[in-house]
Structure formats: structure tokens, C-alpha cells
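Commentary on secondary and tertiary structure
Letter by letter, the chains look like this.
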Amino acid sequence: MVATSLLASHEGTSSTAVPEPTYAFDVTQLEQLIELLQRDGYSVLGPTVRDGAVVYGPIHSIEDLPKGWTDEQSPGKYRLKRHEGEALFAYGVGPQSWKKYLHPAEVRLWAAERKNGSFRILNNEPHDERPQAFLGVRACELAAIRIQDRVLLEDRYRDPIYGERRRRTFMVAVQCTGTGAVCFCASMGMGPAVGEGADLIVTELVDAAGHRFLARAGSERGRAVLEELKATPASSADLNTAQAAVEQAARAQTRSIDVEGVKKLLYQNFEHSRWEQVAARCLSCANCTMVCPTCFCTTVEDSSDASGTCAERWRRWDSCFTQSFSYIHGGSIRTSAKARYRQWITHKLAAWIDQFGTLGCVGCGRCITWCPAGIDITEEVRALREGSNHGNS
Amino acid sequence: MATALAIDPMLSQSYLVREVSKETPDTFTLRLAPDAGSNGSGFQPGQFSMLWVFGVGELPISISGDPAEHDQLVYTVRSVGQATNALVTRAVGEGVGVRGPFGNGWPLQAARGRDVIVVAGGIGLAPLRPVIYEVLNHREDYGRLVVLYGARSPRDLLYRKELAAWARQRETQVLVTVDYGGMSWRGHVGVVTTLFKYARLKPTRSVAMVCGPEIMMRFVTRELENCGLSRSDIYLSMERNMKCALGFCGHCQYGPHFICKDGPVFPYEQLRTLLEKYEL
Amino acid sequence: METLERIIAEHPFFADLDHGFTALMVGCASNVRFKRGDYIFHEGDPADTFYLIREGTVAVEIFAPQHDPIVIATLAEGEILGWSWLLPPYQWKHQARALDNVRAIALDGKCLREKCEQNHDLGYEVLKRFARIIEQRLESTRLQLIDVYAAK
């Protein structure tokens, strides 16, 4: 699988080390974990039910977690649903991703004041936000964060805003033991088993034996936390159950993208009748790019106050689905919806590999659920492949 | 923990306008010098800066000055919108924010010892002028210099006096054409590709550097190939929407390339199949 | 006429043409000179000649009332001026003006087209060569038409 190898190669973590031991803890200890993180100065952020969806927000205690909730997702559709049982992490990913904290939708880059016909930059405002702890990072989301790391931290330039937030973030990953209808992370090699990069990797188990969590450290910080929680070594039965559940989640996925040769497929089908068909459905609303955990594009907006003495520059999320995105004097380059959809999917599945050495899609399925027209990226790739003369070469 | 929200190269440096000169009815050349507290910077021919006007906005603008002059940065700006208009109407002494320089620049190392063919269309001569300065400043390091320049009409020609002066330099050929000539115009009329037949070229020992509207560059590259230049000796400077110049904003993507950090100058070989794609 | 013969024989337009034919062309070629500002031909004049420019620049123009003549293209050393002699009604459709003192070789188009009628192999060769020139000028005119440098 191309995706796996590409992603694995960039981390460079040694695989020859002694396997990290897995521990078990209960709900009370999860509560303690939250308290412990708060004590250490972290804002704990995680899934919570708001506005009819599981979104990410401050978690003060386990009461804030979506206990008793799951969801139903399909192209263009998302509904919360009650479920029986104690599980806190039985939901599929909602409309938001962690990029709202690491690569915020709006950030003030700097302010300036006018001074003798010129200006003075006033950027040195202290960044006094507390470090963040993410509770409930899914495998696909962790993969997305690492993809954004590659773009924003490991290329020619380093984004200091992302870098500072990222550096101070503690990540508790929670593996999926169930799968949503729009998920296809397994085919992308991005999940549902959690890969490298989290401080703690947790699997939630709820069965006759009770409600418990298996946890393995992914960093020194994670190890210290587990020690303080006084978690006990996990039983081999639990380890097997957890592994089976994650494997079952992978098998249960009904959607997939065949990543073999996908770059070539996209590059070779710049002209394809499918683009017209998808463009006829696409509203260019940009939802897919807003919900996408890897989409990183931004614009800058300069503004000044009414007196013209203070100016600010803000960076905001932008989308390749807007006409203005490709505007150069005289007009936009990509005026048609066809060209914009093609740019988006070609970037995700082809150009990204050339640019950053990984795919730009993790298979989270958000773009499928949150597309008001129900456009399904997996279906589009399949249609291209089936209608292509070159796709299987 | 107190940390700066943003550091270089996201921050504009304050420069002051030293001189604004009118090149054509809509195009101006600005000379900027670093304000007290700003660091001056050198540049490679072909690089660009992000120029910011207080409260108006920021734009990528190619550096058009002499790379040997370290105390100033020179830009030639065509007023085509709000931000460019704000730039060209700066008064002497007013401030302009400068970020950069960014981008890779022209392949002057690869051009050493070889003939340099400069093909420019319209405002495209601006990012190529530093190449001409560089070659003339280090005459022994390069072979012949051939400048082929096309503009819309005689009044749209940039750097007219310099074009005439360059033409008098040894081992230098300067050919100029316009698409629309009036009765008083005694030079060539026709698109820039029509100049190739008058150019004295040694295709196998030349490097061509091309900048202008994309349509013009497509035709020029074909003409250069017809003349016998290999694709790997032809370089083009590209333009796309650009917000950050750092590879973060995503706007300047052109197929697999980011114009800001992989370009703006690319070997033709890399762009050939992309240039043929509409709405890429 | 030795120089004339050499120039004609070496010009790309005549390259690989039948030797006898080239000799014939040399026979009906003459050196001509135009002073700066001279008209080489006017619109509507009979077109029986074409020119191989040796020195100087010629403007091909079209005129319109209330306007200065519009220069469509300039042609200079080594280029062929004029193809109206090739096709009926054998009249110039534009005017040509010398921008400098111009030296050229005038070639008898009337004689050439009669030869082409008699010898279609020759006619095909000549048409191919002119088609190439016409194609290049059309391409160039198209690009001018696009007005690539205009502010939008």
C-alpha cells in the first residue's frame, strides 16, 4: 500500500525498540487523566455533543464526552443517534477536525501602526494561550496532523503559528473499534489502527467484562502520564479483544480508494467526461475543504481602522473551490466548477505525493458526509478508473 | 510562555520610497530603500518580493533592479488593480512593506560561458532586467547577449533608453517589436516570435530565459525549439495568485509545483505538458 | 549578375528547387532600391512581382479613412514580401512602404505563375513554400489579434 509506506517513511521512528507495554485503566482513571492534564496546564479538548453533532470543544470532565451517542452518516447526511451502552467514543468523526486548534480558521498574523508616513509592526504580543491536550484523536486524524506537519513544518519554510501550537499539544489517540458508513481510512493505509505521533494510544472496550481502556504510550510524556495514573498491565485477552475490534473496524469499511497508481490515474485523466458530470452536481460550496483535516490553504486579509492609523493582517482558511482562489489580474485561472473540483481531488491524490511524499487524503469521509450534493470522492476515483484507458496500467 | 505570533519571513520590513518613475502610461518603477531598523537584502535575478501597502494589501512583485546595488530594491509595477495602484501612487518618503526576496531566480550559474537569450513580453521584461544587468556587469563570464522584446505598442515599451544603451554594448543584440505600431514607429511590428529570424543565435551554446503572458511564452518556447534550443536550456518565469510566498497558502499551485518556492523560474521541460492544460 | 544568382540560390525559399528553374528565376530577377518612405506597392495595383528583401525594413500597411495607415507587420532582411501575384485577381491587397532605405531583389511573379500552370510539380513546390510563409504570418496576426499584453 503506497499510503502506508509513504507515511511511515517520514516519521523515521525506530521499529527495533522493545514493544511499548499496554496498560489498562477504567473510567475513573480516565477522569483522572483529564484532571491530571488540566493540572499540568493543558486545556483539554475533545468530542462533545453540540448543535446536533459531535464537535470538538473544552472537556472539563468525562461528563462532557458524548456518552450514549453515536451517529449515522452517508453522502450528504449526518444524524446523531442514541446508543445503548457505556461507550464514550462510539461516534464517527464529526464535521470538525483538530486543525481548528492547530491551524485555526482565523489567525491574526500581525498588526501595524502608521508612523511618519511609514509603519511599525506590532507583532510581539505574547502568545499566552494554554497548551492543548487533544482527547480522542482518531487514527485518520492523527495521520492528517502528520500530513499537515509535513506541509507546515517540514518543508522550505516553517509556519511558526502552527509549529508553536503543535509543539505544545498532548495527544490522546483513541482507536476506532467501529466504523462509519463513509469511512475508508483502511484503504488509504491511514487507520483505523493508530500510527505514530500520539502521546497515548487508547482503545475503549465495553463488554461483559466491563468498561475499560487499554493504553500504550507513544512518547515520554505519555509514559509519565500512564505511570501517574497507576494503570495496570493489560491482560492478553484484552489485548486480543482490542486488536480484533480494530481489525474488524477495518474490515467493516464499505468504501475504499484503490491507491495503487492513483497519482498516475489523476494526472492522466485531466481530460475526462467524469469531470463534467461531477461539476454538474458540485455547488462549489467549499464544505469539503473546510471539513477536510488535511486541507491547509489560506488567504490573507489586510484591513485598517477607520482612521487609517492601525492595520492588521489576518490569515483565514481559504478554498480552491472559490473563483477568487486562482485570481490573477484579468481573471481567475479556474473559472469552471469542473476545473476546481479537478484541482481539489488531483491535489489530494496526485500532486500531494509529488509535493510532500504522501497522499493528501486520509479516508476520514468528512467530505462525503458534508457535501450537500453527496459527492463521494471514492466513487469519483472509481468512475475515473473505470472510464480510463490508462488507470490500470 | 510568551512567544511571538509570527516571525520572519511572515513579517514585512519597512522600506521607504526613494523614487517613482513613470515607464509607460500605466507602469512605474519604484526604488525602495530600507527604513531605519530594517535590514537591506540582496537578491538573485528573477526573485520576487511581497510588497505591502498599509491597510490595502500585499502583492508578489518581481525585482527589476541591478543585483549589484545592495542599498535599494527596485520594482516595476503595472497598475492593474487596487493594490498595484496603491503601490505606484506612493509618494517619495512613504513606506512600503517588503517581505522576501522569495523564489529561485534565473539559472545564471548554468548560463556561465554560454550565450544568454532573453525573451520578454510586456511587463515580463521587468524580472529579466536584472539578468541583463548581471550579464553586462560580468561580461567575461557570459557569451553573447540577445534580448528579444515585444510590447503592445511603442508607448508600452519599458526601459526605452536602456534598451538603446544595451544595444550599443559589445556582443549584445537587442531586438524590439510592437504589436501595433503607429506611423512614427520605425521599428519592427509583429509579435515577439517574428524577431527570431533576425536574432543571431547559436542554439547549442545558448540558454534562453523567457517571461511574458503565458500565451506568448507557449509560442516563444515552440520558436526556440524550432531554432534548435533544447528544452532543458529554456527557462520560463510563471505567475499565479500568491498570498504567502512560503508554500503555506496553496494559491500558487501549478500542477505539482508551488510557483512561490519551486519557482517562479522553471525549466521548460518541467512545464511543457502543464502549459498545454486549460484551467490547470 | 553573379551576386544575384548566389543570393537567390542560397535563399531558403529557393532551396532544393529544380536547378533549371532557379536559373530561370535569376534570369527574371532584378536589383531594386527604395528610399525611406517610398511605397513599394499600393493597394489595388496589379501584383506581378514579389521581393526578396536584402537590406532595410518594409512596413505592410492597411489604410482607413480618418486614420494613419495601420502597420500590420514589418519585414526585413531575408524575408519574402508579397504573395498577391500568386492568386487571382493578382492585385495588391495592402500597401508596402520602405521604413529605411531598402535594397531588394524583385522577382517576376507573372512569369513564375505561368511556369507553375505549365508544370504542376513546380507549382506544388512554390505553393508549399508560400503556404509556409502565409501560415507564419497568419499565426503572427492571430497573436496580435489576441492582444496578449492588454490590461484586462
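A brief structural summary. Counting restarts for each chain, with residues numbered from 1 along the sequence as it is written. Ligands are numbered from 1 and chains lettered from A, in the order in which they are written. pLDDT decides what is reported in this predicted model: residues at 70 or higher carry local features, side-chain atom pairs at 80 or more are listed and counted, and totals for whole chains, interfaces and linings draw on all residues regardless.

1. Here we look at the overall build of chain B
Worth spelling out the cut-off: Helical segments are the DSSP runs of H or I of at least four residues, strand segments are the runs of E of at least two, and each set is numbered from the N terminus. The reference for a compact globule is 2.2 Å times residues^0.38; the radius of gyration itself is calculated from the C-alpha atoms. Here the C-beta atoms are placed from the backbone, and a residue counts as buried if at least 20 other C-beta atoms lie within 10 Å of its own, exposed if 12 or fewer do, and partly exposed otherwise. Two residues qualify as being in contact provided that their C-beta atoms, derived from the backbone, are within 7 Å of each other.
Of the regular secondary structure elements, chain B holds seven helices and 15 strands. In terms of overall dimensions, chain B is globule-like: its C-alpha atoms have a radius of gyration of 19 Å, near the 19 Å expected for 280 residues. If you line up chain B on its principal axes, its C-alpha atoms span 65 × 40 × 40 Å. When the 280 residues of chain B are sorted by exposure, 55% land in the buried category. For chain B, contacts bridging at least 24 residues in sequence account for 69% of all contacts bridging at least 6.

2. Some words on the packing of helix H3 (residues 109–118) of chain C against helix H4 (residues 120–146) of chain C
Residue and element names in this part refer to chain C. Put simply, the test is: To obtain each axis, a line is fitted to C-alpha atoms, and for helices this fit is confined to the stretch in contact; angles are then taken between N-to-C directions over 0 to 180 degrees. Angle categories are assigned with fixed cut-offs, so that under 35 degrees is roughly parallel, over 145 is roughly antiparallel, 65 to 115 is roughly perpendicular, and the rest are oblique. Should the near helix be turned counterclockwise from the far one by less than a right angle, the crossing is left-handed, whereas a clockwise turn marks it as right-handed.
It is the contact of H3 with H4, at a shortest axis distance of 5 Å, that shows an interaxial angle of 125°. If you check the angle between H3 and H4, you find them oblique. H4 is crossed by H3, and the crossing has left-handed handedness. Residues Leu112, Lys115, Cys116 and Glu117 of H3 form the contact with H4, whose participating residues are Leu122, Gly123 and Val126.

3. A look at the environment of Phe48 of chain B
All names here are of chain B. On the secondary structure map, Phe48 appears in strand E3 (residues 48–53). When the 29 C-beta atoms within 10 Å are taken as the criterion, Phe48 is described as buried. In this structure the C-alpha to C-alpha distance between Phe48 and Arg155, which are 107 residues apart in sequence, comes to 25 Å. Contact partners of Phe48, with chain neighbours within four places excluded, come to Pro60, Ile61, Ser62, Ile63, Gly100, Pro101, Phe102, Gly103 and Pro264.

4. Regarding helix H2 (residues 27–39) of chain A
Residue and element names in this part refer to chain A. Which entries qualify depends on this criterion: In a helix, the anticipated span is given by 1.5 Å times the number of residues less one.
In this model, H2 (13 residues) spans 18 Å end to end at C-alpha, consistent with the 18 Å of a helix rising 1.5 Å per residue. Buried positions along H2 lie against strand E1 (22–26), strand E2 (43–50), strand E8 (132–137), strand E9 (170–174), strand E11 (210–217) and helix H7 (220–229). Just downstream of H2, Gly41 is the residue with a positive phi angle, here 100°.

5. Things to note about the pairing of strand E8 (residues 102–108) of chain C
Residue and element names in this part refer to chain C. Let me state the cut-off plainly: Note: two strands are recorded as paired if DSSP finds a minimum of 2 bridges between them.
Alignment of strand E1 (residues 29–34) against E8, held across six bridges, turns out to be antiparallel. The residue of E8 that forms the bridge with Ser30 is Ala106. Sheet topology places strand E3 (residues 49–55) next to E8; six bridges connect them, and they run antiparallel. The residue bridging Tyr51 from the neighbouring strand is Ala106, located in E8.

6. Points about the sheet that holds strand E10 (residues 188–189) of chain B
Residues and elements named next belong to chain B. Strand order in the open sheet formed by seven strands is E10-E9-E8-E7-E11-E12-E15, and the pairing between neighbours is mixed. In the strand order of this sheet, the two ends are held by E10 and strand E15 (265–267), each with one partner. With two bridges joining them, strand E9 (residues 172–178) and E10 adopt parallel strand pairing. Bridge pairing in E10 places Thr177 opposite His188. The strands touched by helix H3 (residues 129–137) are strand E7 (115–121), strand E8 (145–151) and strand E11 (206–211); relative to E7, the strand with the most contacts, the crossing angle is about 155°. This element, helix H4 (residues 160–167), spans E8 and E9 of the sheet and lies at about 145° to E9.

7. Section: the interface of chain C and chain B
Put simply, the test is: The nonpolar class holds Ala, Val, Leu, Ile, Met, Phe, Trp, Tyr, Cys and Pro. Asp, Glu, Lys and Arg form the charged class, and all remaining residues, Gly among them, are polar.
Listed per partner, the contact involves 17 residues of chain C and 24 residues of chain B. Counting residues per element, the side of chain C that touches chain B draws most heavily on H4 of chain C, at four residues. In terms of residue class, the side of chain C that touches chain B is made up of 12 nonpolar, four polar and one charged.

8. Some thoughts on the pairing of E8 of chain A
Residue and element names in this part refer to chain A. Of all six residues in E8, six are buried, a share of seventy percent or more. Inspection of the sheet shows E2 paired to E8 by three bridges, in the parallel sense. Across the sheet, residue Val44 finds its bridge partner in E8, namely Ala133. As defined by bridge partners, E8 adjoins E9 across four bridges and the pair is classed as parallel. Paired with Ala133 across the two strands is Phe170, which belongs to E9.

9. Digging into the interface of chain B and chain A
Tallying the contact residues gives 41 residues for chain B and 49 residues for chain A. Here the residues of the side of chain B that touches chain A are counted per class, giving 17 nonpolar, 15 polar and nine charged.

10. Overview of the sheet that holds strand E4 (residues 58–62) of chain C
All names here are of chain C. Strand order in the open sheet made by the four strands is E2-E7-E4-E5, with antiparallel pairing throughout. Of all strands in the sheet, those bounded by a partner on one side alone are strand E2 (39–41) and strand E5 (70–75). Here the average twist between neighbouring strands, direction ignored, is 30°. Where E4 and strand E7 (residues 95–98) come together, four bridges link them in antiparallel fashion. Residue pairing across strands places Val58 opposite Ala98, the latter belonging to E7.

11. Details of the nonpolar core
The condition is simple: The nonpolar core is taken to be a set of buried Ala, Val, Leu, Ile, Met, Phe, Trp, Tyr and Cys residues joined by way of C-beta atoms within 7 Å.
One finds Val172 and Ala173 of chain A, Val118 of chain B together with Val58 of chain C to be the most contacted residues of the largest nonpolar core, which totals 227 residues. Ala173 of chain A has contacts with Val137, Ala139, Leu142, Val194, Ala198, Leu200, Ile201 and Val202 of chain A, leaving out every residue within four places of it along the chain.

12. Observations concerning the packing of H2 of chain A against H7 of chain A
Residues and elements named next belong to chain A. Running from amino to carboxyl end, H2 crosses H7 at an angle of 125°, the nearest separation of the two axes being 10 Å. As far as their axial angle goes, H7 and H2 are oblique. H2 and H7 meet at a crossing whose hand is right-handed. Counted together, Gln29, Gln32, Leu33 and Leu36 of H2 and Val225, Glu228 and Leu229 of H7 form the full contact between these two elements. Of the residues that constitute the contact of H2 with H7, the class distribution is four nonpolar, two polar and one charged.

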